[in-house]
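Each chain, letter by letter, is given below.
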Amino acid sequence: MNDRQQQMIQFERDWAPLGGGSSQQIIEEFGLSDRDFFAELNRIVDADPPEALSASELRRMREVIRRRLWMAR
């Protein structure tokens, strides 16, 4: 996992309890739309789930990712 991917995981780890970061924060921090940010985050957690995340954090993050991708359709 590269530095940018780690930053994305940490960003979402901080924001997952609140439903994920705002669209504006995602654009400012990563230069990505919601759809692109959460699609990339989904690839990261599916391919190589970070060991630093507890099972409950990973589950909550996946729930937020699914919801935000659905909302960004």
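From a predicted model like this one, the values you see are computed outputs, not experimental measurements.

Draft legend 1. How the structure looks around the overall build of the protein chain. From N to C terminus, the protein chain includes four helices and zero strands. Secondary structure elements of the protein chain, listed N to C terminal, follow the sequence α-α-α-α. The C-alpha radius of gyration of the protein chain comes to 11 Å, within 12% of the 11 Å expected for a compact globule of 73 residues. Considering only C-alpha atoms, the protein chain reaches an extent of 30 × 25 × 20 Å along its principal axes. Excluding contacts between residues fewer than 6 apart, the proportion of contacts in the protein chain whose partners are at least 24 apart in sequence is 65%. Total accessible area on the protein chain is roughly 4,600 Å²; 47% of this is exposed by carbon and sulfur atoms. The average position of the 11 basic charges and that of the 13 acidic charges among the side chains of the protein chain differ by 8 Å.

Draft legend 2. Main features of the nonpolar core. Within the largest apolar cluster, 17 residues are counted, with the highest numbers of intra-cluster contacts made by Met 8, Ile 9, Phe 37, Phe 38 and Leu 41. Listed by contribution, the elements that provide at least two residues to this core are α1 (3-15), α2 (23-30), α3 (34-47) and α4 (55-71). Tallying contributions element by element places α3 first for this core, with five residues. Sequence-distant contacts of Phe 37, defined by excluding residues within four places in its chain, comprise Met 8, Phe 11, Glu 12, Ile 26, Phe 30 and Leu 32.

Draft legend 3. Inspection of α1 at higher detail. For α1, spanning 13 residues, the distance from its first C-alpha to its last is 18 Å, which sits close to the expected 18 Å at 1.5 Å a residue. Residue Asn 2 occupies the N-cap position of α1, its side-chain oxygen lying 3.1 Å from the main-chain nitrogen of Arg 4.

Draft legend 4. Geometry of the packing of aromatic side chains. Following the criterion strictly, the structure yields five aromatic pairs and no others. When the centroid spacing of 5.7 Å and the interplanar angle of 80° are considered together, the rings of Phe 11 and Phe 37 count as edge-to-face. A residue pair is termed long-range when its members are at least 10 positions apart, and Phe 11 in helix α1 and Phe 37 in helix α3 qualify at 26 residues. Phe 37 shares its class with Phe 11; the two are buried. Summarising the aromatic geometry, the rings of Phe 37 and Phe 38 are spaced 5.0 Å apart at their centres and angled 90° between planes, so their arrangement reads as edge-to-face.

Draft legend 5. How the structure looks around the environment of Gln 10. Looking at where Gln 10 falls in the secondary structure, it is placed in helix α1. Placed 30 residues apart in sequence, Gln 10 and Glu 40 show a C-alpha to C-alpha distance of 14 Å.

Reading the values: rules and limits
Residues numbered from 1 in each chain as written. Predicted model: local features only at pLDDT ≥ 70, side-chain atom pairs only at ≥ 80, totals over all residues. Heavy atoms only, no water. Helix = DSSP H or I, 4+ residues; strand = E, 2+ residues; numbered from the N terminus. Rg over C-alpha atoms; globule rule 2.2 N^0.38 Å. Contact = heavy atoms within 4.5 Å. Areas by Shrake-Rupley, 256 points an atom, 1.4 Å probe, with all protein chains shown as cover. Lys, Arg positive; Asp, Glu negative; His and termini not counted. Charge placed at Lys NZ, Arg CZ, Asp CG, Glu CD. Core = buried A, V, L, I, M, F, W, Y, C linked by side-chain atoms within 4.5 Å. Buried < 20%, exposed > 50% of the residue type's maximum accessible area, 1.4 Å probe, protein only. Expected span 1.5 Å × (residues − 1). Polar contact = N/O pair within 3.5 Å; in protein donor to acceptor, adjacent residues only side chain to side chain. Phe/Tyr/Trp six-rings, centres within 6.5 Å; stacked < 30°, edge-to-face > 60°.

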